[in-house]
Structure formats: structure tokens, C-alpha cells
Amino acid sequence: MWKACGYVRLSREDGDKEESNSITSQKLLIRDFLSSQPDLMECGMKVDDGFSGSSFVRPAFQEMMDEIRAGRIDCVVVKDLSRFGRNYLDAGEYIENLFPVLGVRFIAVNDHYDSLCRTMSDAWMLPFKNLVNEAYCKDSSIKIRSQLEVKRRRGDFTGAFAPYGYQKDPDQKNHLVPDSFAADVVRDIYHWKLAGVSAADIADRLNAEGVLAPMDYKRQQGIRYATPFRIYTSSQWNAAAVLRILKNPVYIGTLVQGRHTTPSYKVKKRVIKPKEQWAVFKGAHEAVIDPQAFAAVQRVLAMDIRTSGRGSPAELLSGMVYCKECGAPMVRKTVPSGGNTYVYYVCGAHKQKKCCSAHSIRAEALVDLVLDCLQKQIGSLGNARLSQLVREAARQKSTARKLRERIDDRLEEVCRLEKLLQSLYAGMADGLLSYAEYEEMKKEYTLLRTQAKLQAENMQIQLERELSDAADGSRWLHELKTKGSLPELDRAAVVFLVDRVFIGRGKQVRIVCLWNNA
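Remember, it's a predicted structure, so these values are computed and weren't measured experimentally.

Participant: Describe the environment of W237, with residues and values.
Facilitator: Mapped onto the fold, W237 is located in the loop between helix 9 (214-220) and helix 10 (239-247). Residue class for W237 comes out buried when judged on its relative accessible area of 4%. Here the alpha-carbon distance between W237 and A213, two residues 24 residues apart in the chain, equals 5.3 Å. In contact with W237, not counting residues within four places along its chain, are Y164, V185, I189, A203, L206, N207, V211, L212, A213, P214, V242 and I245.

Participant: A description of unusual backbone geometry should follow, citing residues and the corresponding values.
Facilitator: Here H112, not a glycine, exhibits a phi torsion of approximately 55°, which is positive. Of note, H112 is situated in the loop between strand 4 (105-108) and strand 5 (113-114). The exposure class of H112 is exposed, given its relative accessible area of 69%. For K507, which is not a glycine, the phi torsion comes out positive at approximately 60°.

Participant: Help me get a handle on the packing of helix 7 (residues 180-194) against helix 11 (residues 291-302), residues and values and all.
Facilitator: Here helix 7 crosses helix 11 at 50°, and the two axes come no closer than 10 Å. By the angle between their directions, the pair helix 7 and helix 11 is classed as oblique. Crossing of helix 7 over helix 11 shows left-handed handedness. In this structure, helix 7 contributes Y190, K193 and L194 to the contact, and helix 11 contributes A293, F294, A296, V297, V300 and L301. Within the contact of helix 7 with helix 11, the residues separate by chemical class into eight nonpolar, no polar and one charged.

Participant: Describe in detail the packing of aromatic side chains, supporting the description with residues and values.
Facilitator: Note on aromatic pairs: each is described by the distance of the centres and the angle between the planes. Per the stated rule, a full pass over the model turns up 21 aromatic pairs. Aromatic side chains F99 and F106 sit 6.0 Å apart centroid to centroid with 35° between the ring planes, which places their arrangement in the tilted category. Summarising the aromatic geometry, the rings of Y435 and Y438 are spaced 6.3 Å apart at their centres and angled 40° between planes, so their arrangement reads as tilted. Here Y438 and Y435 lie together in helix 16 (residues 435-467), a separation of three residues that amounts to about one turn. Assessed through its relative accessible area of 10%, Y438 is described here as buried. Over the ring of W192 we find R205, and its NZ or CZ is 5.2 Å from the ring centre.

Participant: Would you mind going over the sheet that holds strand 16 (residues 498-503) in detail, with residue names and values included?
Facilitator: Pairing in this open sheet of three strands is mixed, and the strands run 12-16-17 from one edge to the other. One side of each edge strand has no neighbouring strand; the edge strands of this open sheet are strand 12 (321-323) and strand 17 (509-513). Across this sheet, the average inter-strand angle for adjacent strands is 25°, counted without regard to direction. Bridge count for strand 12 against strand 16 is three bridges, and the pairing is parallel. Bridge pairing in strand 16 links C323 to I503.

Participant: Just give me the short version of the packing of helix 10 against helix 11, but keep the residues and values in it.
Facilitator: It is at 9 Å that the axes of helix 10 and helix 11 come closest, and there the two elements cross at 130°. When the interaxial angle is binned, helix 10 and helix 11 end up oblique. Counted together, L243, L246 and K247 of helix 10 and F294, V297, Q298 and L301 of helix 11 form the full contact between these two elements. Here the residues of the contact of helix 10 with helix 11 sort into five nonpolar, one polar and one charged.

Participant: So, helix 2 (residues 23-35): which residues are in play, and what are the values?
Facilitator: For helix 2, with 13 residues, the first-to-last C-alpha span of 18 Å sits near the 18 Å given by 1.5 Å per residue. Within the span of helix 2, buried status applies to I23, Q26, I30, F33 and L34. All buried residues of helix 2 project into a common sector of 105° when viewed along the axis, lining one side. Turned more than 90 degrees away from the buried face of helix 2, the exposed residues are T24, L28, D32 and S35.

Participant: I'd like a description of the nonpolar core, backed by residues and values.
Facilitator: Judged by nonpolar contacts, the single largest core of 68 residues is most densely connected at Y164, W237 and Y251. For this core, the leading source of residues is helix 7, giving eight residues. Grouped together as the second largest cluster of nonpolar side chains are 20 residues, I73, L81, Y94 and Y113 included.

Participant: Outline the confidence of the model for the protein chain, supporting the account with residue identities and numerical values.
Facilitator: Chain-level pLDDT for the protein chain is 78 on average; 78% of the residues reach the 70-or-more range. Per-residue pLDDT stays below 50 along residues 228-233; that stretch engages in five contacts with residues further than four places along the chain or on separate chains. Across residues 469-473, confidence stays below pLDDT 50; counting only partners more than four residues off in sequence or on other chains, it has eleven contacts.

Participant: How would you summarise the pairing of strand 16 if you had to cite specific residues and measurements?
Facilitator: Of the strand pairs in this sheet, strand 16 and strand 17 are connected by five bridges, and their pairing is antiparallel. Pairing of F502 across the sheet is with R510, part of strand 17. Adjacent in sequence and paired antiparallel, strand 16 and strand 17 are bridged by five residues, among which G506 carries a positive phi angle near 65°.

Participant: Explain the pattern of salt bridges to me, and be specific about the residues and the numbers.
Facilitator: In this structure the tally under the stated criterion is 13 salt bridges. A salt bridge links E63 to K46, with the nearest nitrogen and oxygen atoms 3.6 Å apart. With E63 in helix 3 (residues 59-69) and K46 in strand 2 (residues 40-49), this pair connects stretches of sequence that are 17 residues apart. A salt bridge links R154 to D156, with the shortest nitrogen-to-oxygen separation between them at 2.6 Å.

Cut-offs and rules
Residues numbered from 1 in each chain as written. Predicted model: local features only at pLDDT ≥ 70, side-chain atom pairs only at ≥ 80, totals over all residues. Heavy atoms only, no water. Helix = DSSP H or I, 4+ residues; strand = E, 2+ residues; numbered from the N terminus. Buried < 20%, exposed > 50% of the residue type's maximum accessible area, 1.4 Å probe, protein only. Contact = heavy atoms within 4.5 Å. Axes fitted to C-alpha atoms, helices over the stretch in contact; angles between N-to-C directions. Parallel < 35°, antiparallel > 145°, perpendicular 65-115°, else oblique. Left-handed = near helix turned anticlockwise from the far one by under 90°. Nonpolar A, V, L, I, M, F, W, Y, C, P; charged D, E, K, R; others polar. Phe/Tyr/Trp six-rings, centres within 6.5 Å; stacked < 30°, edge-to-face > 60°. Lys NZ or Arg CZ within 6 Å of the ring centre and 35° of its normal. Pairing = 2+ DSSP bridges. Expected span 1.5 Å × (residues − 1). Arc of directions from axis to C-beta. Core = buried A, V, L, I, M, F, W, Y, C linked by side-chain atoms within 4.5 Å. pLDDT = per-residue confidence, 0-100. Salt bridge = Lys/Arg side-chain N within 4 Å of Asp/Glu carboxyl O.

This is the structure in C-alpha cells:
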């Protein structure tokens, strides 16, 4: 008796072509063959779903080889040679050399090949069939690459998973539509960045509010999302994930695709293509971030921004002040005097290299000058231009509404966990859980419930601040809408309205606004 294992493989491109190559079809054919052979005993069925035949680095195939080496399998049965592999050299190495050495019988049902009783014609035909299969794989690779390139050039989305904030259109899988919840989170991320919050602090806020990280959110939505970079059971927001969202032009409706490629269909190592070869298509889908806000965030990311520490927002003019004489950034210098602390902007080139004059200006005086300049500039704008400026700066969704939705989500999670805790004891009493399992699960669910309660409480405090307009970061916008004036500055207003501030000798100040030069 031979201990036979069926091997089934289906690549992504095969899956859309022939029903006869489906996983179910291959299994039925192999099992029907095994049942007709009295000397074959089925000892397993290995399945690689979604793996190309050009490489033998496939999880189920490697599991089968481990069982062969352990002596639990000595016969491999496949539907045909193409299901085994499409790499001419590697397929021949396994069938002609490795399997005979390991004492493994190999059977390809539809190709009528059996290594136990192969003839001279089989010995001639086997390499030829493997060569044909490899040629098919190469031809498919060329066709798929060209088809993908055509789709990218016409603005079709070709990724396997939609970026966070979007989902694939149910009626057209190559088109993206906003995901209402995730898109609101993206808007919050951009708003916080414009308000001077660092990427690390944005990640901390999202984690504190219990907002699922992109990986866990996709899995919650029922998407079969997996990554080799996952380390923990549940992922967390971090600065890198926030920065990826802040830098991605997909949120203004622009698709940038085809940035990576592989040298050939055999080599799976990804390499970066030259930027001029990327497929860029503007207006491919609905934007969730205003282009002006996106441009403002890119300016902020390019600035050399300093904060007072983790959890502190950026200084009001951080990254915007430059020396008018040499172009170097001006740096903040704190000077204690008579029990008071004074802050000055001094030329960084003079401070570090002594290659510019020692001109400086008080930070408080500079803020007053910037505010006075902006007030005059806004006052000179016509009603139409002022309305346009307000529309460009206005947030698209209410922060308070989103916070209420997230609080409700956390409270629902608390109720769900409380029900699970109540059902644990019944499970142990019925013998479904051991005492050790009961204690472990009780500890885990209690911790999750405590975290969800704390997140809801933190968001409730933030909601109260939002409703009192103490931490909204958009008072300036409210004043601009209602009174057409700018009574005070905050970081969001500065980032949206000011490009750069230049300081020259004799305390000369030149302020460059984003809508015109002042």
C-alpha cells in the first residue's frame, strides 16, 4: 500500500479562467482516482490556494515535503503537471531526482503519468510538458503585466486591498468609494496634524479612543487581510501608519500605482521603479481630503518642527521662520531674566557656524506682527474670496458627532464583553471549559472591558471640551465665518494661512501668505 497525498494548487490568474481548475474540482478528481486504485491509501490533501506555479515556495507544498521526509507520505497525486508546478527546471528536479531518491511515487492523473510504471515515451514527454507549462506561465505573466498597466493608466485601482478610508465599489471592483467611518478617521488625522499634533501623538489619541488600526479594521469588516509584518494579536496605531496616511495622495482622489515590480515571473523580489514610470491618475475617485488641506499637511511634514515634548503640540510658528539674509532656519532661544523667561528667534547659521549676523526678534512680538499682517490681508479680501477661503478651511464633518459615534461603539463593546463574562461561568459549569481556561478567558475579557470603559470615558471628556469650544482648534475659522476677522492665532490658522516668515536685520519682517505675498 502506498501512503498517498493529494496536492492541489490554484493561482489567482487560474482562478478566474477555468472552473475545471477550481480547488473543489481538483479534489474531487484526485479522490475519485484514489478510490479506484486498491494500492493507494489517502493520507492527506494539501491545498495552495492563490499561489503561482512559477515557484515551489508554497506553504502547503512545504508541509507535504516535511511529511515526505518524515516517512508519513510516499506517493504524491496531482490533477496534472501544471498543478504541480510551472517551473521547468524545479519541476524536473523534484520529479526526476528528488522524489526517486526519497522513494516517492508521483502520479499526474490527466497527463497519464505514473513514475512507478513510466515508459520510455514518458521519459521523453515529461520534460517537454514541463517546458510547455513554463512557457504558459511566462506568457501569462507578460499578459497580466500588460493588462495591469493598461488598467493603471486609465485610472482603475489594481490593488488587492483598498487603502484605509476607502472600500472597493461593490459594483466595480477597480473603483474606490469612501468608507464613511474610516474616512472620518482620516479627516481627523489631517485636522490634528494641521493643529500641530505630532504623528506619534495622533497615534496615541487613536489608540486611546479605541479606534481600530487599519489591519484590524479590515479584518473586522470581513476582509481576508494578512501580512507577514504582524507581530501582536491586535495591532496598534503608530507614527509610521499615521505618516503613511498623511503622505498618501489617494485621499485627494489621485491614484499612484505601479511603483514596484519584480525582475521576472520567476524572481519575486520587489524592486522600486523609477518615478517617471509610475502610473499617476488624478480624479480617479472621490476625495475625502480637500486638496488645499493635503498641500498644507505636506508643507508641515517638510518643516523642521520642534515640540515641547511628547503630548505637546508644535509651537505656533514652528518650522516657518527663516533668516532673510542667508535663508537658514531661525531657531528659538529661551533666555531667563529677572525671574521671567523670554523667547527669541535667532539665525541658526549664526548660532551654529557664526556665518551670519546676530539679528533676532522676540517670539511674542513676531506673533503679534503675523496676526496684524493677517488681519490686514483678510480685511482687504473681497466677500467672494473670503467665502472661498472659509470653504477651503472648513472641516467636512462635525468632530462632536464623530466622538459620539465612537463613544457609542465603545459602550457597545463594554456590553458585549459583559455578556461574554456572564457566559463563561455557565460554560465551565457545563464542562465546556476547564477551570484554567475559565480563569484565563475571564482575565482577558475583564482587561478588554476595562480598556473599553476607559476609552469611552476619555472620549467623553474630549467631547465636553469640543462642545465648549475650548480645544476645537477652529475658533479662528468660526470668527472668520461670522465676523470676517481673525482675533487670535492658533497653529491650524497659521499652517493654513502662512507659508513662511523671514526675519532680517533691524527686525525687518516679511510674511508670505499662502494666497498672496505680503
